[in-house]
Amino acid sequence: MTADWYNFEHNFLDVVARKICNSVRGVNRVVQDITSKPPSTIEWE
């Protein structure tokens, strides 16, 4: 099963990425995968 990507506002993505990078040691980049094909596959188990 695949899922389509959600179009977040750029300001929201900027705030979230900055919080993650400033709060989590060793993280210096946050990316959003906007593909609707694998590896964006949702697994059901």
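The residue numbering used here restarts from 1 in each chain and proceeds along that chain's sequence as written. Totals for whole chains, interfaces and linings use all residues, but because this is a predicted model, local features are given only for residues with pLDDT of at least 70 and pairs of side-chain atoms are given and counted only at 80 or more. The basis for every side-chain value is the complete set of heavy atoms in the structure, and neither hydrogens nor water enter the calculation.

(A) Region of the structure containing the overall build of the chain. Only DSSP runs of H or I with at least four residues qualify as helices, and only runs of E with at least two residues qualify as strands; both kinds are numbered from the N terminus onward. Within the chain, the regular secondary structure consists of 1 helix and 0 strands. Relative accessibility thresholds used throughout: buried, under 20% of the residue-type maximum; exposed, over 50%; partly exposed, between the two (1.4 Å probe, protein chains only). Looking at the chain as a whole, 2% of its 45 residues qualify as buried. Each accessible area is a Shrake-Rupley estimate made with a 1.4 Å probe; only the visible protein chains count as cover when residues are assessed. Just so you have it, the chain exposes about 4500 Å², and 54% of that area is on carbon and sulfur atoms.

(B) Geometry of the packing of aromatic side chains. Aromatic pairing here means that ring centres of Phe, Tyr or Trp (its six-membered ring) are within 6.5 Å. Orientation follows from the plane angle: under 30 degrees is stacked, over 60 is edge-to-face, and everything else is tilted. Counted under the stated rule, the structure contains 2 aromatic pairs. Geometrically, the ring pair formed by Y6 and F8 is edge-to-face, given 4.7 Å between the ring centres and 70 degrees between the ring planes. Relative accessible area serves as the criterion here: at 57%, Y6 is assigned to the exposed category. Accessibility expressed as a relative area gives 33% for F8, which makes it partly exposed. Judged by centre distance (5.2 Å) and plane angle (25 degrees), the rings of F8 and F12 are stacked. One aromatic cluster in this structure is built from Y6, F8 and F12.

(C) Representation of the environment of R29 in the model. One can find R29 in the segment after α1 (10-23). Classification of R29 by relative accessible area gives exposed; the value is 66%. With 12 residues separating them along the chain, R29 and A17 place their C-alpha atoms 7.5 Å apart.

(D) Quick peek at the environment of F8. With respect to the helices, strands and loops of the structure, F8 is situated in the segment before α1. Distance in space between the C-alpha atoms of F8 and Q32 is 9.9 Å, their sequence separation being 24 residues. By the convention used here, residues are in contact when the closest approach between their heavy atoms is within 4.5 Å. Not counting residues within four places of it along the chain, the set of residues in contact with F8 comprises L13 and Q32.

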